[in-house]
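Chain residues, written in single-letter form:
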Amino acid sequence: MNNFFEVKIEIKAEDIDDLNHVNNAIYVKWMDEVAFTHWAHLTKNQPITDTIWVVSRHEIDYKSEAFLGDEITAKTYVGNTKGVTSERFIEFYKGETLLAKSKTIWVLLDAKSYKPVRIRENILNLLQPFK
């Protein structure tokens, strides 16, 4: 896939668990950071402040381990986006080795009322510019 956004991740000592590898819960933290970074990149020229994204569901498949000192690359892309929801996929790699892959369902909310709002065309165009 060539329609992805990439983020480099530095593993910190606090990311390591008692098995001496990256704790599974850290991937959830990274998923949030990658999504936030991608959204900030997409909206850097046209900030959108009247809506916010919240997580509805996470799915993660763990494939391999990462250790302190490893170089991690997260690759993310947006999937099906309609109504009030948008899918985001993230794959975590150490070199060519897939460490984990995830799918998150995000819900768009009005920034003041916190009620779900339909994803407008301007946001859809940012998320899926090649459609």
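Conventions we followed
- All residue numbers here refer to positions counted from 1 along the written sequence of the relevant chain.
- Per-residue local features are limited, in this predicted model, to residues with pLDDT of at least 70; the limit for side-chain atom pairs, both in listing and counting, is 80 or more; totals at the level of whole chains, interfaces and linings are taken over all residues.
- Derived side-chain values reflect all non-hydrogen atoms in the structure, with water molecules and hydrogen atoms excluded from consideration.
- Basic side-chain nitrogens of Lys or Arg form a salt bridge, by our definition, when they fall within 4 Å of a carboxyl oxygen of Asp or Glu.
- The way it works is that DSSP assigns letters per residue, a run of H or I at least four long becomes a helix, a run of E at least two long becomes a strand, and they are numbered from the N terminus.
- To sort residues, take the accessible area from a 1.4 Å probe on protein chains only and compare it with the maximum for the residue type: under 20% means buried, over 50% means exposed, and anything in between is partly exposed.
- Here a polar contact is recorded for every N or O atom pair within 3.5 Å, except that within protein the pair must consist of a potential hydrogen donor and a potential acceptor, and residues adjacent in sequence are included only if both atoms are side-chain atoms.
- The contact rule is simple, with two residues in contact once any of their heavy atoms fall within 4.5 Å.
- At least two bridges found by DSSP between two strands is the condition for calling them paired.

*Asks:* Would you take a moment to explain the pattern of salt bridges for this structure?
*Replies:* The tally for this structure, following the rule as stated, stands at six salt bridges. A salt bridge links Lys29 to Asp15, with the nearest nitrogen and oxygen atoms 3.7 Å apart. Taken together, the residues Lys29 in helix 1 (residues 24-42) and Asp15 in the loop between strand 1 (5-10) and helix 1 connect sequence positions 14 residues apart. We classify Lys29 as partly exposed; its relative accessible area is 34%. Looking at Asp15, the relative accessible area reads 1%, which means it is buried. Residue Asp70 is joined to Lys94 by a salt bridge in which the shortest nitrogen-to-oxygen separation is 3.3 Å.

*Asks:* Can you help me understand the side chain of Thr73 in this one?
*Replies:* Residue placement: Thr73 occurs in strand 3 (residues 71-82). There is a polar contact of 3.0 Å between the side chain of Thr73 and the side chain of Lys8. Excluding its chain neighbours within four sequence positions, the residues that come into contact with Thr73 are Glu6, Val7, Lys8, Glu91, Phe92 and Tyr93.

*Asks:* I would appreciate a short explanation of the pairing of strand 3 in the present structure.
*Replies:* Within a regular strand, side chains alternate between the sheet's two faces. Pairing geometry for strand 1 and strand 3, over six bridges, is antiparallel. The partner of Lys8 across the bridge, within strand 3, is Thr73. Direction of pairing for strand 3 relative to strand 4 (residues 85-94): antiparallel, over a ladder of eight bridges. Residue pairing across strands places Thr76 opposite Ile90, the latter belonging to strand 4. The loop that links strand 3 with its antiparallel partner strand 4 comprises two residues; one of these, Gly83, has a positive phi angle of about 60°.

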